[in-house]
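Chain by chain, the residues run as shown.
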Amino acid sequence: MTSQAGIISTEAAEAARPGGPPRKRRRLEADHNRRALLLLGPTVLLLMIVILYPVVRGVIMSFQNDPGLDPATGLFVSGGFAGLDNYTHWLGQQCGRASCPPGTLGSQFYSALFVTIFFTVVSVAIEVVLGMWFALIMNRTFRGRGLVRASILVPWAIPTAVTAKLWFFILSFAGIANSILHTQILWTGSTWPARSAIIIADAWKTTPFMALLILAGLQVIPADVYEAARVDGATKWQQFRLITLPLVKPALMVAVLFRTLDVLRIYDLPKILTGGGNGTTTLSILVVDQIRQGFNSAAALSTITFLLIFLVAFLFVRFLGANVAASSGKAK
Amino acid sequence: MATATSPATRTATGAPAPQIRRQKGVIGANVRTYAGVTLVVLWGLLPFYWMVVTAFRDVGYTFDNTPWPTHVTLDNFKTAFSTNLGNHFGQALLNSVIIGVCTTVVGLAAGVFAAYALSRLNFRLKFLVTGFILAASMFPLVALVSPLFQLFTNIGWIGTYQALIIPDISFVLPLTIYTLTAFFNEMPWELEEAARIDGATPAQAFRKVILPLAAPGLFTTAILAFISAWNEFLLASELSNDRTQPVTVAIANFAGAQPHQEPYTTVMAAGTIVTVPLIILVLAFQRQIVSGLTAGGVKG
């Protein structure tokens with residue numbers, strides 16, 4: 001697999017090797033620092049403009065009042081420092097001094113949080129199981145591998161907006177899904193069918209990605225490991241549980257991490273497929289809806305979302321051994 | 001036969017069995033393999049097939065549900081491009097191409113140098129820079145929406161192309177760096193050293209030796225970057241207007257002849273048009289795309 005090679009290259013390794021002549025090494029290091037600055041400058045500058053600046057701006061905004069009537073005094077306020085008001089609005093369900101009335105966007109925070117986490121857990125679990133199954137199938141030797149790879153890339157390549165519309169049609173009341181299943185489900189009409197619809201569409205679109213990443217992990221497992229296990233009389237299930245799973249775990253964890261972070265920020269599918277209705281409003285949808293009501297409270301919510309995603313990423317890397325840096329090439 | 005190394009066959013050779021049972025085992029494993037493979041192919045293609053069938057079906061027979069093409073017509077494609085109902089699909093296609101190409105060019109131009117540095121140089125703060133770029137690739141786009149919406153409204157950028165291209169760089173650039181670094185790690189860099197020994201400057205060695213060798217990786221990265229920009233919806237839906245909206249937004253908001261009635265066949269036709277270029281890319285470059293996807297571990 002290509003991803004196992006080191007970020008630390010031969011030249012760089014020479015520079016870092018303790019054995020070399022110290023003065024030469026120091027000169028090489030200085031040279032590397034200078035070249036790295038030149039080469040990375042544009043990228044760092046660009047990322048600061050497109051990410052760091054908006055994030056800092058968003059955090060500052062989140063501590064500002066939205067212009068509007070102050071619910072406590074009834075007077076118009078045109079902004080100003082809000083302290084943690086925007087955060088207590090979401091986390092503490094406070095609209096002004098009272099708790100948020102049902103139906104307002106503010107009252108939907110915890111349901112949106114639940115829905116987002118629910119989508120993440122269920123979708124990723126389904127995708128891991130199906131992705132593993134697909135990968136095991138594709139890892140066998142058969143004719144037409146190119147064709148199979150191409151066809152499994154189709155759902156990945158279709159824009160999510162189109163995927164959402166496609167499944168909206170498939171799952172429409174008079175659509176093909178109800179026709180095949182001989183059911184009369186209003187898929188986007190009530191809570192659990194609507195949630196299932198999103199999970200079905202998401203699983204269809206992203207299982208291929210999962211399968212391809214797992215397949216890449218499977219392909220580096222040497223065949224003689226299985227040979228040895230068979231000689232020792234291991235069953236197929238034992239081979240899978242004791243050889244395949246542990247050896248494919250690094251690739252699997254990276255795939256799971258990427259997919260988890262992806263579903264945590266899910267927007268396109270529920271927005272287009274169900275319009276966020278019937279208990280499918282995710283955190284991202286809530287942020288965008290809130291923008292209409294006030295930038296600053298929306299910025300507070302997007303900051304919360306952003307911190308949540310980074311917390312999950314951190315937990316993954318720290319405790320579940322999803323070594324993203326290694327997969328990007330620090331294995332040496 | 002291609003199945004010579006399949007696990008089942010290896011089982012059969014590993015534990016010597018009577019010839020006839022071995023044959024049966026091979027055939028059984030073959031049947032199971034191809035049944036599984038068929039399932040995988042159907043998973044990928046069936047919903048897509050249904051979109052294409054519907055795209056070519058007369059609007060009066062939208063819910064015909066016959067599994068093969070019936071009432072074939074090109075009307076839906078004409079309706080998709082028609083501007084009578086307030087849709088601007090043709091313009092949106094052009095917008096998506098402009099946004100996709102510009103984002104890809106910027107992402108690749110900056111990413112190539114960054115990836116070279118990350119792959120080849122050992123410098124101070126390398127860990128920090130790698131972490132920053134990784135964090136950027138996991139960054140939720142929704143955190144950009146409200147600050148950028150406010151900023152672009154203030155400076156009058158809503159409805160301009162730069163308002164759509166610049167935010168897209170936030171996810172395309174980490175993607176290109178990530179993928180290119182993985183490609184660069186696999187390159188035969190001895191050739192660069194050989195060129196240097198022959199008297200080439202670092203710039204010359206990069207341009208004349210490394211770039212031609214890196215061309216396939218660059219090309220694959222460009223495809224991945226373009227697809228990700230082409231598929232973006234969240235930022236575009238908030239930061240564009242009727243004039244600059246890309247196809248994803250146009251398709252999500254397609255208006256039909258009647259209000260509150262989804263123009264299914266037209267939308268499927270539009271979806272087919274949007275997807276076919278991607279399918280062609282996928283068919284032609286599946287090997288490179290898969291290696292790029294798994295090397296970079298980039299998001300779908």
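Parameters and conventions
- Residues numbered from 1 in each chain as written.
- Chains lettered and ligands numbered in written order.
- Predicted model: local features only at pLDDT ≥ 70, side-chain atom pairs only at ≥ 80, totals over all residues.
- Helix = DSSP H or I, 4+ residues; strand = E, 2+ residues; numbered from the N terminus.
- Buried ≥ 20, exposed ≤ 12 C-beta atoms within 10 Å, placed from the backbone.
- pLDDT = per-residue confidence, 0-100.
- Contact = placed C-beta atoms within 7 Å.
- Nonpolar A, V, L, I, M, F, W, Y, C, P; charged D, E, K, R; others polar.
- Expected span 1.5 Å × (residues − 1).
- Bend = angle between axes of the 7 residues up to and from the residue.

1. Concerning the overall build of chain B
And then number 1: Along the backbone of chain B there are 12 helices and zero strands.
And then number 2: Counting from the amino terminus, chain B carries its helices and strands in the arrangement α-α-α-α-α-α-α-α-α-α-α-α.
And then number 3: Split into buried and exposed, the 300 residues of chain B put 49% on the buried side.

2. Some details on the environment of P208 of chain A
And then number 1: Its location among the elements puts P208 of chain A in helix 8 (residues 191-218).
And then number 2: Between the C-alpha atoms of P208 of chain A and I152 of chain A, which are 56 residues apart in sequence, the distance is 5.6 Å.

3. Considerations on the confidence of the model for chain A
And then number 1: Mean pLDDT over chain A works out to 82, with 85% of the residues at or above the 70 mark.
And then number 2: Overall, residues 1-16 of chain A carries pLDDT values under 50, and its contacts beyond four positions in sequence, including any with other chains, amount to 47 contacts.

4. Points about the interface of chain B and chain A
And then number 1: On the side of chain A, 97 residues touch chain B, which itself brings 96 residues to the contact.
And then number 2: Considering each element in turn, the side of chain B that touches chain A owes the most residues, 18 residues, to helix 12 (residues 264-296) of chain B.
And then number 3: A class-by-class count of the residues in the side of chain B that touches chain A yields 61 nonpolar, 28 polar and seven charged.

5. Remarks on helix 6 (residues 142-154) of chain B
Residue and element names in this part refer to chain B.
And then number 1: Here helix 6 is 13 residues long and its end C-alpha atoms lie 19 Å apart, about the 18 Å a rise of 1.5 Å per residue gives.
And then number 2: L148 marks the point of greatest bend in helix 6, at about 30°.
And then number 3: Along helix 6, the positions that sit buried rather than exposed are V142, A143, L144, V145, S146, P147, L148, F149 and F152.

6. Details of the environment of I273 of chain B
And then number 1: Looking at where I273 of chain B falls in the secondary structure, it is placed in helix 12.
And then number 2: Separated by 196 residues in sequence, I273 of chain B and F77 of chain B place their C-alpha atoms 8.4 Å apart.

7. Focus on the environment of V162 of chain A
And then number 1: The topology assignment puts V162 of chain A in helix 6 (residues 160-170).
And then number 2: The buried category is assigned to V162 of chain A, around which 30 C-beta atoms lie within 10 Å.
And then number 3: Measuring from C-alpha to C-alpha, the distance between V162 of chain A and T188 of chain A comes to 17 Å, with 26 residues separating the pair along the chain.
And then number 4: When sequence neighbours within four positions are dropped, the list of residues in contact with V162 of chain A reads I251, G271, V274 and T275 of chain B.

8. Some words on unusual backbone geometry
If a residue is not glycine, its phi is most likely negative; likewise, a peptide bond is most likely trans.
All names here are of chain B.
And then number 1: One non-glycine residue, N65, adopts positive backbone phi at about 65°.
And then number 2: For N65, the location among the structural elements is in the loop between helix 2 (19-55) and helix 3 (75-81).
And then number 3: One non-glycine residue, H71, lies in the positive phi region at around 50°.
And then number 4: Residue classification places H71 among the partly exposed positions, given that 14 C-beta atoms sit within 10 Å.

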